[in-house]
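# Inside the fold
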Amino acid sequence: MKTQTKERAQIIYSMLEDIHQNKRLSEEQLNKLTEVAQLLKEDVEIGEKTSGVLDDMSEFGEKALQLSSEQQLNDYLKQEDQKVEEYYEHFKMLFNNERS
């Protein structure tokens, strides 16, 4: 994996870990997560499964950005917690496989 791809994936992994653990999400975090996911999706080195996860994350982000308050955003996060956990686990696995 080239350096830029790895850095972007690491940013997403770190942000997902924070969101997963704290069960909170700010609009600023959401914007950054969505932006980095879009950039990473454009990278040719990511696999098909990761591309699918990034598509799902982008959809999740777009829906969340339509919400008008941080309370609504965090209610949406609670509702979609399983998805966030799946995204987090995917990137965790990606980095574990990279080390092997």
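Residues numbered from 1 in each chain as written. Predicted model: local features only at pLDDT ≥ 70, side-chain atom pairs only at ≥ 80, totals over all residues. Heavy atoms only, no water.

### Section: the environment of Ser-26
Counting through the fold element by element, Ser-26 comes out in the loop between α1 (3–22) and α2 (27–41). Along the chain, Ser-26 and Glu-7 lie 19 residues apart, while their C-alpha atoms are 22 Å from each other. (Helix = DSSP H or I, 4+ residues; strand = E, 2+ residues; numbered from the N terminus.)

### Remarks on α1
Compared with the 28 Å implied by 1.5 Å per residue over 20 residues, the 28 Å span of α1 between its first and last C-alpha is a close match. One or two residues past the end of α1 sits Lys-23, with phi positive at roughly 55 degrees. (Expected span 1.5 Å × (residues − 1).)

### Brief notes about unusual backbone geometry
Phi is positive for Lys-23, close to 55 degrees, though the residue is something other than glycine. Here Lys-23 shows up in the loop between α1 and α2. With a relative accessible area of 33%, Lys-23 lands in the partly exposed category. (Buried < 20%, exposed > 50% of the residue type's maximum accessible area, 1.4 Å probe, protein only.)

### Here we look at the pattern of salt bridges
On inspection of all chains with the given rule, the structure shows five salt bridges. Residues Arg-24 and Glu-70 are paired through a salt bridge, measuring 3.4 Å at the closest nitrogen-oxygen approach. With a gap of 46 residues between them, Arg-24 in the loop between α1 and α2 and Glu-70 in helix α4 (residues 70–79) connect regions that are remote in the sequence. Here Lys-63 and Glu-59 are joined by a salt bridge, their closest N and O atoms 3.4 Å apart. Pair noted here: Lys-63 and Glu-59 are both in helix α3 (residues 48–65), with a separation of four residues, about one helical turn. (Salt bridge = Lys/Arg side-chain N within 4 Å of Asp/Glu carboxyl O.)

### Digging into the side chain of His-90
Secondary-structure assignment places His-90 in helix α5 (residues 81–99). Not counting chain neighbours up to four residues away, the residues in contact with His-90 comprise Lys-49, Thr-50 and Val-53. (Contact = heavy atoms within 4.5 Å.)

### Examining the packing of aromatic side chains
Here the structure, examined in full by the defined rule, presents three aromatic pairs. Their ring planes at 75 degrees and their centres at 6.2 Å tell us that Phe-60 and Tyr-87 sit as a pair that is edge-to-face. Placement of Phe-60 in helix α3 and of Tyr-87 in helix α5 is noted, with a sequence separation of 27 residues between them. Residue classification places Phe-60 among the buried residues on the basis of a relative accessible area of 5%. (Phe/Tyr/Trp six-rings, centres within 6.5 Å; stacked < 30°, edge-to-face > 60°.)

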